[in-house]
Amino acid sequence: MFLRRNAIPVVKGTKDIFTPEIELIDHINRTADEKYRQYGYKKIETPIMEYTDLFARSIGTYTDIVQKEMFTFSDRKDRSITLRPEGTAGVVRAYLENNFSFNPGITKVHYNGPMFRAERPQKGRLREFHQFGCEAIGSMNVLLDVEIIELHINLLHKLKLKDFTLLINSVGDKNCRKEYTALLDKFLRKNKSKLCENCRSRADTNPLRVFDCKNPTCQEIYNDAPLLTDHLCDECAGHFEKLQSWLKLKTIPFSINKKLVRGFDYYTKTVFEIQSTLLGAQNALLGGGRYDYLIELLGGKPTPAVGTAVGIERLMIALKEQNIPFKPDHKAQVYICTAGNFDEKIVIRLMDHVREHGYIPFYSYEAKSLKAQLKEADKLNCSFSLILGEEEMKKDQIVLRSLEKGSQENIDLNDFKKNISDYLKVKN
Ligand code: HAM
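Here is what the cut-offs are and how they apply
- Residues numbered from 1 in each chain as written.
- Predicted model: local features only at pLDDT ≥ 70, side-chain atom pairs only at ≥ 80, totals over all residues.
- Heavy atoms only, no water.
- Helix = DSSP H or I, 4+ residues; strand = E, 2+ residues; numbered from the N terminus.
- Rg over C-alpha atoms; globule rule 2.2 N^0.38 Å.
- Buried < 20%, exposed > 50% of the residue type's maximum accessible area, 1.4 Å probe, protein only.
- Contact = heavy atoms within 4.5 Å.
- Lys, Arg positive; Asp, Glu negative; His and termini not counted.
- Charge placed at Lys NZ, Arg CZ, Asp CG, Glu CD.
- Pairing = 2+ DSSP bridges.
- Axes fitted to C-alpha atoms, helices over the stretch in contact; angles between N-to-C directions.
- Salt bridge = Lys/Arg side-chain N within 4 Å of Asp/Glu carboxyl O.
- Near = heavy atom within 4 Å.
- Polar contact = N/O pair within 3.5 Å; in protein donor to acceptor, adjacent residues only side chain to side chain.
- Areas by Shrake-Rupley, 256 points an atom, 1.4 Å probe, with all protein chains shown as cover.
- Nonpolar A, V, L, I, M, F, W, Y, C, P; charged D, E, K, R; others polar.
- Core = buried A, V, L, I, M, F, W, Y, C linked by side-chain atoms within 4.5 Å.
- Disulfide = S-S within 2.5 Å.

Draft legend 1. Inspection of the overall build of the chain at higher detail. For the chain, the helix and strand inventory stands at 16 helices and 16 strands. Taking 22 Å as the expected radius of gyration for a compact globule of 428 residues, we find that the chain reaches 28 Å, considerably beyond that expectation. Principal axes of the C-alpha set define a box for the chain whose edges measure 90 × 55 × 45 Å. For the chain, the proportion of its 428 residues judged to be buried stands at 50%. Counting only contacts in the chain whose residues sit at least 6 apart along the sequence, the fraction spanning at least 24 positions is 69%. Taken together, the 65 basic and 57 acidic charged side chains of the chain have centroids lying 3 Å from each other.

As structure tokens, this is what we get:
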């Protein structure tokens, strides 16, 4: 990266996004929007900033996100504001603030936008990243868990992604956690001296979060830890059984990972992740689960819910690793070159005509040699050049050059205007 001495660089862990990457992002978002529509989800946009308490209360005070990863600042009236690290808390706040609970039936919403986490940047891990996701609020029925998983697997198939695995687990509810926490507590106390500093503090504040630890020594120790999945109450065990039966019935392959607890305190019962080996260390493409207490925790009446979110940057890495060709579906770009002295009115009229027919005209705007204009057309990925030459124009002709084939022909200007779509056909 070359920067002038006094230039200001992009903020660490954030990045500029350009075309053609943006076209791939648009394609992913359009495909996701279409899938969500098919499953009855309506789009929602919530603000990028929220009061810090919303995330502390929802995600949990003693989680990594709230303890270490939030971008938090005070506004001019000294209120603590946080750039959203995830979308679920904001959606639930909006649900409550706008009385969605009075709507008939289940509230199904989907969203899309930037999220912010002050993590150590690496491949697939940014400080500003983008997610799309959905939340289904208002039912305990396991069918919603299955539907959300199925929707996203269908979506990944539609995007032609192949290499991914669904992992599921259950993190129980208040009933089963009480007894289980005592067991885990005992185990952690016995092994405390061998744990990393972070886990030692988690053992005191929020024991279930020890499973989020990335330290291999700690993970080795947790191989022998009691796991919540083995201590579920009847209701949670039943829910987990039904989840598995439905996934089998729908022929959706899955594995159970009993150590999958995900980094948020709001989860209850079902948690899941889709991981891909194409991603390297940050292998989670999407994550989600149930959060049956969150609405009540944020001031609503008890209302069960389930949702998930997909990391768009990670999805792009996986698609690129798999070399899936992506050709944006738009009409030909046409570069209008001039050779000799020209009345720009002719150029502008031709550009208008090209544009009116849905094609995309380019022009140099600056005096340049024909060679330089053709080079620019190539750089801009234009499929055609229309060359306005003084000699040809006297005969009402123009030169149509196919930049893909490298061939060119003299054509009648009026015929070109009349039959523009025949002349500007591109192979897709
Ligand atoms: P999450 O697992 O934290 O869940 O994030 C979902 C996805 O966002 C991850 O699987 C990953 O692809 C992407 N992601 C997370 N952090 C980063 C990062 N620093 N850089 C790049 N990508 C990242 C949630 O956010 C929950 N709100 C999901 C949910 C919705 N649960 C219920 N409803």
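Draft legend 2. Spotlight on the environment of Lys394. Structurally, the position occupied by Lys394 is in helix α14 (residues 390-394). Residues Lys394 and Thr63 lie 331 residues apart in sequence; the distance between their C-alpha atoms is 75 Å.

Draft legend 3. Representation of the sheet that holds strand β4 (residues 80-83) in the model. Across the sheet, three strands lie side by side as β2-β4-β3; this open sheet has antiparallel pairing. The sheet terminates laterally at β2 (49-51) and β3 (71-74), the two strands that pair on one side only. Mean inter-strand twist for the sheet, computed between neighbouring axes without regard to direction, equals 35 degrees. The pairing of β2 with β4 spans three bridges and is antiparallel. Its bridge partner lying in β4, Met49 is registered against Leu83. Along the sheet face, helix α2 (residues 52-59) touches β2, β3 and β4 and points at about 75 degrees away from the line of β2.

Draft legend 4. Structural context of the pattern of salt bridges. Under the criterion given, the structure shown has 26 salt bridges. For Glu21, the salt bridge goes to Lys320, with nearest N and O atoms at 2.9 Å. Of this pair, Glu21 sits in helix α1 (residues 21-38) while Lys320 sits in helix α11 (residues 312-321), and the two are 299 residues apart along the sequence. Classification of Lys320 as partly exposed rests on a relative accessible area of 45%. Note that Arg37 and Glu34 form a salt bridge whose closest N and O atoms lie 3.0 Å from each other.

Draft legend 5. Layout of the sheet that holds strand β15 (residues 397-402). The sheet built from five strands is open, its strands ordered β13-β12-β14-β15-β16 with mixed pairing. On the outer flanks of this sheet lie β13 (360-363) and β16 (407-412), each paired with one strand and no other. Sheet twist, expressed as the mean angle between neighbouring strand axes with direction ignored, is 25 degrees. Of the strands in this sheet, β12 (333-339), β13 and β14 (384-389) are in contact with helix α12 (residues 344-356), which crosses β13 at around 155 degrees.

Draft legend 6. Main features of the site of the ligand. Near the ligand, the surroundings consist of 27 residues, among which Glu86, Glu119, Glu135, Arg262 and Tyr267 are the closest. One of the side-chain nitrogen or oxygen atoms of Arg117 is found 2.9 Å away from an oxygen atom of the ligand. Leu285 is positioned such that a nitrogen or oxygen atom in its backbone is 3.0 Å from an oxygen atom of the ligand. Considering the ligand on its own, with 660 Å² of exposed area, one finds that the protein chains cover 97% of that surface. No other element matches the six residues that strand β10 (residues 284-290) contributes to the shell around the ligand. Along the lines of polarity and charge, the residues of the shell around the ligand split into 11 nonpolar, nine polar and seven charged.

Draft legend 7. Representation of the nonpolar core. Phe132, Leu161, Leu166, Phe211, Tyr222 and Leu315 are the most contacted members of the largest nonpolar core, which has 97 residues in total. With nine residues, helix α5 (residues 142-158) is the largest single contributor of residues to this core. What Phe132 contacts, discounting residues up to four positions off in sequence, is Ile28, Asn29, Ala32, Tyr36, Tyr111, Asn112, His152, Leu155, Ala309, Val310, Ile312 and Leu315. Grouped together as the second largest cluster of nonpolar side chains are 22 residues, Leu388, Ile420, Tyr423 and Leu424 included.

Draft legend 8. Geometry of the state of the cysteines. A complete count under the given rule lists zero disulfides for this structure. With no disulfide of its own, Cys176 lies closest to Cys233 among cysteine sulfurs, the gap being 3.6 Å. Note on Cys176: relative accessible area 4%, which makes it buried. Among the cysteines around Cys199, which has no disulfide bond, Cys213 carries the closest sulfur, lying 3.6 Å off.

Draft legend 9. Representation of the pairing of β4 in the model. Where β3 and β4 come together, four bridges link them in antiparallel fashion. Bridge pairing links Thr72 to Thr82 in β4. Hairpin connection from β3 to β4: five residues lie between these consecutive antiparallel strands, with Asp78 at a positive phi of about 65 degrees.

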